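# Architecture and fold: a report
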Amino acid sequence: MSIISISVRIFTVICFISATSIPTIAQDYWEKLASPPSAHPGPLSVSKILITKQGTYLCATSEGSGVYRSVNRGTSWITSTPYVNYDHGITYCVNLTGDIFVVTNNANGGNEITKIGRSTDDGVSYKNQPAYPSNKTVNSMICTSTGTLFIGTNRDGIYRSTDDAASWQHIEFKAITDSSTTCLLDGDNGIIYAGTNADGIYQSKNNGDTWTPLYYNITLSNIKSLAKDKNGYLYAGSNYGAYRSKDAGITWEEIFSSGSSGSTAVSDIIVTSQGRIYLTMLGNGTYCSIDNGKSWTQLITGFKSNNVNTIAVDSTGNFLVGTSLDMYRNTNAPVLNASIDINNQEINFGDLTYPEQKDSIITITNIGNSMLEVSNMSINGISAASFQITPSSAFSLSSGQSKQITIHCKPNKNGDLEANLKFTSNSAGETSEIRLLGFSSGVNGINEMEDFPFTGNLSPNPSVGNGTFTLTSEKNSNGTFSIFNMLGISVFSREFTITSNAPLMLHWNIPFSNSAGLYQGIFTIGHKSVSIPIIVIR
């Protein structure tokens with residue numbers, strides 16, 4: 001059967017069928033930790049996790065007894081003394097000598113009473129520091145490098161202590177609309193940053209004596225989290241995404257968008273010493289970036305709730321997150337990261353004029369802690385024949401290892417080009433599909449597309465799923481050959497090199513795990529592609 005005589009129309013019709021997603025053999029990235037004991041029915045919302053220098057896990061919960069401690073990495077928890085039911089934990093900080101401070105809120109006869117506890121025994125017990133006004137509810141607290149404690153309140157400014165909570169000074173800190181101080185950040189050397197609920201970010205350069213509005217716009221108004229990396233860059237999480245400043249907060253750039261509606265918020269940000277950025281979201285789990293925020297990978301959660309409040313790192317380098325229902329620690333699962341923009345998850349090749357070709361190189365990196373196995377990469381969709389991958393074979397990546405793949409756009413029709421690059425892997429990340437887009441002109445029709453510089457014959461057809469193609473080309477060239485099922489999913493792919501006028505025998509095999517039926521073989525040499533139907537009988 002001559003390849004030249006086969007029309008590409010058959011393949012076009014088949015690819016128009018809606019393709020189902022390739023299943024991924026994904027591993028869980030998070031393991032659930034034990035739930036702290038509580039007289040309250042149901043799970044507890046975790047508001048803050050702290051890892052001490054001794055490796056002890058501490059957590060504050062907004063219900064239950066509020067303040068808990070684990071010496072076996074979350075296998076079990078003990079209520080810290082003297083906390084009991086209705087001591088709702090809010091936040092922690094550690095001073096220069098290693099003393100731990102915790103903020104709690106107690107519902108006492110309908111009155112909200114705020115308490116500051118101090119522990120000198122690694123969180124086993126706390127003593128109340130009575131100087132703080134109990135009627136001032138707390139949103140945030142930090143222990144700074146100068147030995148000062150700061151507390152941000154709900155609509156009552158900021159409180160400061162220079163004697164480890166023995167006394168407190170109320171600082172006249174009122175934002176434009178008298179909004180809540182939602183988060184605080186130690187900028188070192190007496191510089192303090194405060195995020196507000198509606199009025200952006202404030203800065204103090206004199207250890208809290210005076211404050212100046214630092215930055216404000218609609219996307220950076222409702223601040224949920226602040227962080228700093230080893231370079232001194234600032235990070236802010238808001239209702240609309242995550243932002244970074246390289247000039248101490250004068251200007252900001254968006255590095256992660258959570259949408260324009262403000263329906264989700266970046267609740268916490270942490271930057272590791274290696275430069276990886278992790279963020280948690282209220283409503284959408286946890287994300288990681290290994291390239292300074294250019295691309296992001298969602299860490300597939302399996303959480304009971306995707307409302308993630310906080311993130312911390314333990315002494316072994318494992319990440320812990322607290323959600324509105326429970327706590328999790330990351331496992332050693334592999335994670336596939338693709339160097340593309342998470343906000344659109346696509347590669348757009350732009351305008352191409354036939355027979356022009358454009359290439360795009362992406363880097364695949366395993367950002368997990370065990371071997372990543374990519375068993376298949378396939379291009380599916382209505383314009384799948386206009387895109388190719390090299391190399392297309394399966395590969396493995398150890399932790400931290402990267403591999404570059406090239407995606408070629410070689411149009412075979414006029415108009416919009418659209419396909420999907422899909423990965424089958426054991427990744428515990430979300431990257432499993434990338435949209436491929438483009439627009440082509442200059443293809444004159446089916447007759448031109450059938451004027452191929454090569455001929456060939458298929459034997460046998462029908463077959464039980466394997467056989468041979470014999471190709472003859474008018475010139476030396478490299479090519480690719482792929483076989484797709486009725487859903488447009490690749491089941492076989494290989495690359496080849498052919499010599500002018502020297503017949504080349506290509507052996508092909510459709511795995512027996514694929515059912516009988518009609519398949520399509522796609523040959524591409526240079527800028528030419530052709531489709532041939534293959535009938536498989538099992």
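Below is a short write-up of the structure.

Calculation rules
- Residues numbered from 1 in each chain as written.
- Predicted model: local features only at pLDDT ≥ 70, side-chain atom pairs only at ≥ 80, totals over all residues.
- Heavy atoms only, no water.
- Helix = DSSP H or I, 4+ residues; strand = E, 2+ residues; numbered from the N terminus.
- Buried < 20%, exposed > 50% of the residue type's maximum accessible area, 1.4 Å probe, protein only.
- Contact = heavy atoms within 4.5 Å.
- Areas by Shrake-Rupley, 256 points an atom, 1.4 Å probe, with all protein chains shown as cover.
- Pairing = 2+ DSSP bridges.
- Disulfide = S-S within 2.5 Å.
- Core = buried A, V, L, I, M, F, W, Y, C linked by side-chain atoms within 4.5 Å.
- Axes fitted to C-alpha atoms, helices over the stretch in contact; angles between N-to-C directions.
- Polar contact = N/O pair within 3.5 Å; in protein donor to acceptor, adjacent residues only side chain to side chain.
- Lys, Arg positive; Asp, Glu negative; His and termini not counted.
- Salt bridge = Lys/Arg side-chain N within 4 Å of Asp/Glu carboxyl O.
- Phe/Tyr/Trp six-rings, centres within 6.5 Å; stacked < 30°, edge-to-face > 60°.

A few words on the overall build of the protein. Looking only at helices and strands, the protein has two helices and 44 strands in total. Taking all 538 residues of the protein together, 54% fall into the buried category. For the protein, the share of sequence-separated contacts (at least 6 apart) that also reach a separation of at least 24 residues comes to 55%. Carbon together with sulfur atoms contributes 49% to the accessible area of the protein, which is approximately 22000 Å² in total.

When you tally the buried positions in strand S36 (residues 415-425), you get eight out of 11 residues, the bulk of the element. Here S36 pairs with strand S37 (residues 433-441) via eight bridges, running antiparallel. Pairing of glycine 415 across the sheet is with serine 440, part of S37.

Right, let's get into the state of the cysteines. Joining two cysteines, a disulfide is a covalent bond between their sulfur atoms. In total, this model carries one disulfide according to the counting rule given. Across the disulfide, cysteine 93 is cross-linked to cysteine 143 (sulfur-sulfur distance 2.0 Å). With the S-S dihedral at roughly 50°, the linkage between cysteine 93 and cysteine 143 falls on the right-handed side. Remark: cysteine 143 occurs in strand S10 (residues 138-143) and cysteine 93 occurs in strand S6 (residues 87-94); sequence separation between them is 50 residues. On the basis of relative accessibility, which here comes to 6%, the residue cysteine 93 falls in the buried class.

Below, the discussion takes up the nonpolar core. Across soluble globular proteins, you tend to see nonpolar side chains buried next to one another. Of all hydrophobic cores here, the largest spans 26 residues; its most connected members are Ile362, Ile364, Leu421, Phe423, Ile434 and Leu436. If near-sequence neighbours (up to four positions away) are discounted, isoleucine 434 is found in contact with Ala338, Ile340, Gln345, Glu346, Ile347, Ile362, Ala419, Asn420, Leu421 and Phe423. Among the nonpolar cores identified, the runner-up in size contains 19 residues, and Phe492, Ile498, Leu506 and Phe523 belong to it.

A few words now on the sheet that holds strand S26 (residues 308-313). Reading across from one edge, S1-S28-S27-S26 is the order of the four strands in this open sheet, with antiparallel pairing throughout. Strand pairing shows two members of the sheet lacking a second neighbour, strand S1 (30-32) and S26, which therefore form its edges. Going from strand to strand, the sheet's axes swing by 25° on average, the running direction of each strand aside. Where strand S27 (residues 319-323) lies against strand S28 (residues 327-330), three bridges are found, and the strand directions are antiparallel. Opposite glycine 322, over in S28, you have methionine 327 as the bridge partner.

This next bit is on the side chain of asparagine 106. The residue asparagine 106 is located in strand S7 (residues 100-108) in this model. At a separation of 3.0 Å, a polar atom in the side chain of asparagine 106 contacts the side chain of aspartate 87.

Position of aspartate 186 relative to the elements: it lies in strand S14 (residues 181-186). Despite its burial, aspartate 186 pairs with no opposite charge; the closest candidate is lysine 228, at 6.0 Å N-O. A distance of 2.8 Å separates a polar side-chain atom of aspartate 186 from the backbone nitrogen of serine 145. Engagement of the side chain of aspartate 186 in a polar contact is seen with the backbone nitrogen of aspartate 188, the distance being 2.9 Å.

Each aromatic ring pair is described using two quantities: the centre-to-centre distance and the angle formed by the ring planes. In total, this model carries 14 aromatic pairs according to the counting rule given. Seen from their ring centres, tyrosine 29 and tryptophan 30 are 4.9 Å apart, and the 85° between their planes marks the pair as edge-to-face. Summarising the burial analysis for this pair, tyrosine 29 and tryptophan 30 share the class buried. With centroids separated by 5.2 Å and ring planes inclined at 75°, the aromatic side chains of phenylalanine 256 and tryptophan 296 adopt a geometry described as edge-to-face. Pair noted here: phenylalanine 256 is in strand S21 (residues 253-257) and tryptophan 296 is in the loop between strand S24 (285-289) and strand S25 (297-299), with a separation of 40 residues, a long-range link. Classification of phenylalanine 256 as buried rests on a relative accessible area of 3%.

What follows deals with the pattern of salt bridges. According to the stated counting rule, one finds 12 salt bridges in the structure shown. Between aspartate 314 and arginine 73 there is a salt bridge whose closest N-O contact spans 2.8 Å. Placement of the pair is aspartate 314 in the loop between S26 and S27 and arginine 73 in the loop between strand S4 (67-70) and strand S5 (78-79), with a sequence separation of 241 residues. The class for aspartate 314 is buried, based on a relative accessible area of 6%. The closest approach of N and O atoms between glutamate 253 and arginine 244, which form a salt bridge, is 3.0 Å. Under the relative-accessibility criterion, arginine 244 is labelled buried at 6%. Put simply, Asp99, Arg118 and Asp164 are held in one network by salt bridges that share partners.

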